[in-house]
Amino acid sequence: MTFGQTAPDTGKAAPKKLFIKTYGCQMNVYDSDRLAALLARHGYATVPEAADADLVVLNTCHIREKAAEKVYSELGRLRVMRDQRRSETGRPMALVVAGCVAQAEGEAMLGRAPFVDIVVGPQAYHRLPELLARSTREAGGQIDTDFPLESKFDLLPQGPEESPVSAFLTVQEGCDKFCTFCVVPYTRGAESSRPAAAIVAEARRLVEGGARELTLLGQNVNAYHGDGPDGRSWSLARLLHELAGIERLERLRYTTSHPRDMTADLIEAHGALPQLMPFLHLPVQSGADRVLQAMNRGYGRDDYLRIVDALRDVRPDIALSSDFITGFPGETEEDFEATLALVERVGFAQAFSFKYSPRPGTPGAAMTKQVKEAVRGERLNRLQALLDAQATAFNEGTLGRTLPVLLERPGRHPGQLVGRSPYLQAVHVAAPDGLLGRVARVTITGCHRHSLAGRMEPHGPITASNGIPAQPEEVVA
Ligand code: 5AD
Ligand code: SF4
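Residues numbered from 1 in each chain as written. Chains lettered and ligands numbered in written order. Predicted model: local features only at pLDDT ≥ 70, side-chain atom pairs only at ≥ 80, totals over all residues. Heavy atoms only, no water.

A. Structural context of the pairing of strand β3 (residues 55–60). Most of β3 sits inside the fold, with six of its six residues counted as buried. Burial along β3 is two-sided: the face carrying Leu-55, Val-57 and Asn-59 and the face carrying Val-56, Leu-58 and Thr-60 are both buried. On the question of chirality, the crossover connecting β3 to the parallel strand β4 (residues 94–99) by way of helix α2 (residues 65–89) is right-handed. (Buried < 20%, exposed > 50% of the residue type's maximum accessible area, 1.4 Å probe, protein only. Helix = DSSP H or I, 4+ residues; strand = E, 2+ residues; numbered from the N terminus. Right-handed = clockwise from strand over helix to strand, strands pointing away.)

What follows is the structure in structure tokens.
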């Protein structure tokens, strides 16, 4: 095969075509963007269809069973596509599996899908050009699932000059918490934080390129403890204060956080920083102490409620989102009802809920009291009915309110822009393109299943022409 090369492209050859399909969390989205930028240096241009690509990368997620199965069935489809392309055009297609399924499966993946060219784990992406080159020389699939000493952050390029209005920035990776249901500590490795100076520099670059909102990413983002330029270890709160000082940066968010790391300084930051949006994803998983303990979550129901109350004290308009698992081993009907009671007590604006899925190698999978599939499913349905009702009530509660909306992209219809409310709701509004990247006052006039409709207030955007926010929280009715 002739798809790889190590030296950056000289510009003479026609660009090779790259297609990346991303599964799972926002950290994978971030990694895919960086990977595309790296491969662009090696002569690859991104195309929208796998069928046109010389190189197809699946950036995979391993969090639940079905996610891994989806990768194998996608690989089956790609194999057919690749064979067809080769017989019709004579052109090869390299298949790369990256991300957490690659990390977890390693050799096993080449056993089950021997036609795959490269299997590369999430800490070794920056070595992909080298792996591609090796793959042209050597028969058989290449595997790199190391946790190398060099950091991929230092070696992956920073992405295009132009940034999206709302951009992601990974600040830490990995997890040492070992919740008994979760594969992340095994696939993403130990917790590690990037130095604060590197994050601030990347944030400034993103803002220069047009970003007005940054979402700090990490599997355990609030466990962040990076080296600060002052020689001290910086917490996430310290980092957020620093980033809030960047001119023209209107909004900050972070995800995914763990209740155990909701420290006092981080809670205070929600009261102190108007840029920090009043919307927090804080997974609770269960409302029953017994289950939380079996999950090794390191907090109880009351601890979670105390955090929610403290956040609401400093930021009364804060809305919460969460993750839930139903039917964790040993969960009784009574335990499940404790989860429903917690949902009633907190009131979530949005939530993700899943049936427990035993993941090989995790302690949960070896627990004796597995809950029957049908019971897991039935509890999930009941929980989702309650969470859906809360989400609908929350969305309908914004009707008639005037919210600051960050206008992010053109809508489907001419003259329409799509933005986000502080609560991450998509808002469609009639507004000129010139307002892209600005925060507008928008009165919410319609509430649909996945988005809101709104009307711009006549007094226009709330940001001054220099982009500095004019007390964003003041406009919230
Ligand atoms: N089964 C079901 N849900 C899971 N999650 C993680 N692992 C599992 C599993 N084995 C859910 C958790 C986590 C979210 C990202 O995925 O709720 O917060
Ligand atoms: Fe998984 Fe728990 Fe770590 Fe979250 S905190 S990544 S659920 S082990």
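B. Highlighting the pattern of salt bridges. Summed over the entire model, instances satisfying the criterion amount to 29 salt bridges. Notably, a salt bridge pairs Glu-242 with Arg-238, separated by 3.5 Å at the nearest N-O pair. In this pair, Glu-242 and Arg-238 both sit in helix α9 (residues 236–244), four residues apart, roughly one turn of the helix. Under the relative-accessibility criterion, Glu-242 is labelled partly exposed at 30%. We classify Arg-238 as partly exposed; its relative accessible area is 34%. Members of the salt-bridge network, linked through shared partners, are Glu-331, Glu-333, Glu-378, Arg-379 and Arg-382. (Salt bridge = Lys/Arg side-chain N within 4 Å of Asp/Glu carboxyl O.)

C. Fine view of the site of ligand 1. Residues in contact with ligand 1, as listed here, are Ile-63, Arg-64, Phe-181, Gln-285, Asp-323, Ile-325, Phe-354, Lys-355, Tyr-356, Ser-357 and Arg-359. One of the side-chain nitrogen or oxygen atoms of Asp-323 is found 2.6 Å away from an oxygen atom of ligand 1. At 2.7 Å, a backbone N or O of Ser-357 approaches a nitrogen atom of ligand 1. Its free accessible area being 410 Å², ligand 1 has 87% of it covered by the protein chains. If you list the elements that add at least two residues to the shell around ligand 1, you get β15 (319–326) and β16 (350–355). Looking at the shell around ligand 1, its residues break down into five nonpolar, two polar and four charged. (Near = heavy atom within 4 Å. Polar contact = N/O pair within 3.5 Å; in protein donor to acceptor, adjacent residues only side chain to side chain. Areas by Shrake-Rupley, 256 points an atom, 1.4 Å probe, with all protein chains shown as cover. Nonpolar A, V, L, I, M, F, W, Y, C, P; charged D, E, K, R; others polar.)

D. A look at the domain arrangement of the protein. What the domain assignment lists for the protein is domain 1 (16–144), domain 2 (152–396) and domain 3 (402–474). Averaged C-alpha coordinates put domain 1 and domain 2 at centres separated by 28 Å. Every contact between the two is made by 22 residues of domain 1 and, on the other side, 28 residues of domain 2. Surface buried jointly by domain 1 and domain 2 totals about 2,400 Å² across both partners, of which 60% is contributed by carbon and sulfur atoms. Counting the surface domain 1 buries against domain 2, the share from its top three residues, Met-27, Tyr-30 and Arg-34, is 32%. (Domains from an automatic or database assignment. Contact = heavy atoms within 4.5 Å. Buried area = accessible area lost by both parts, 1.4 Å probe.)

E. Spotlight on unusual backbone geometry. Across the junction of Thr-255 and Thr-256, the peptide omega takes the value 0 degrees, indicating a cis bond. Along the chain, Thr-256 falls in the loop between β13 (251–255) and α10 (264–272). Its identity as a non-glycine residue notwithstanding, Arg-248 has a phi of 75 degrees, on the positive side. Relative to the helices and strands, Arg-248 is located in the loop between α9 and β13. Here the phi dihedral of Asn-296 falls at roughly 60 degrees; this positive angle occurs in a residue that is not glycine. With respect to the element layout, Asn-296 can be found in the loop between α11 (289–294) and α12 (301–314). For Asn-296, a relative accessible area of 33% translates into the label partly exposed.

F. Broad picture of the site of ligand 2. Around ligand 2, the neighbouring residues are Cys-175, Lys-177, Phe-178, Cys-179, Phe-181, Cys-182, Val-184, Pro-185, Asn-220, His-258 and Arg-297. Residues of the shell around ligand 2, tallied by class, amount to seven nonpolar, two polar and two charged.

G. Representation of the sheet that holds β13. As summarised here, the arrangement of the three strands in space is β7-β10-β13, forming an open sheet in which the pairing is parallel. With one partner strand each, in any of the chains shown, β7 (166–170) and β13 form the two edges of the open sheet. Going across the sheet, the axis of each strand differs from the next one's by a mean of 25 degrees, ignoring polarity. Where strand β10 (residues 213–217) meets β13, five bridges bridge the pair, whose relative direction is parallel. In the sheet register, Glu-213 faces β13, and the bridge partner there is Arg-251. (Pairing = 2+ DSSP bridges. Axes fitted to C-alpha atoms, helices over the stretch in contact; angles between N-to-C directions.)

H. Highlighting the pairing of β15. The buried fraction of β15 is high, at eight of eight residues. Of the two faces of β15, the one holding Ala-319, Ser-321, Asp-323 and Ile-325 and the one holding Leu-320, Ser-322, Phe-324 and Thr-326 are both buried throughout. Here strand β14 (residues 279–281) runs beside β15; their pairing, made up of three bridges, is parallel. Bridge pairing in β15 links His-281 to Ser-321.

I. Structural view of the packing of aromatic side chains. Using the criterion set out here, one finds six aromatic pairs in the structure. Aromatic side chains Phe-178 and Tyr-186 sit 5.5 Å apart centroid to centroid with 75 degrees between the ring planes, which places their arrangement in the edge-to-face category. The exposure class of Phe-178 is partly exposed, given its relative accessible area of 37%. The interplanar angle of 90 degrees and the centroid separation of 5.2 Å between the aromatic rings of Phe-394 and Tyr-423 together place this pair among those described as edge-to-face. Within this pair, whereas Phe-394 is found in helix α15 (residues 373–396), its partner Tyr-423 is found in the loop between β18 (416–420) and β19 (426–430), the two being separated by 29 residues in sequence. By relative accessible area, which is 22% here, Phe-394 ends up partly exposed. Here a set of aromatic residues connected by ring pairs shows up, and it is made of Phe-181, Phe-328 and Tyr-356. Lys-16 extends its terminal NZ or CZ atom over the ring of Tyr-44, reaching a point 5.1 Å from the ring centre. Sitting above the plane of the Tyr-72 ring, Arg-112 keeps its charged end 3.8 Å from the centroid. (Phe/Tyr/Trp six-rings, centres within 6.5 Å; stacked < 30°, edge-to-face > 60°. Lys NZ or Arg CZ within 6 Å of the ring centre and 35° of its normal.)

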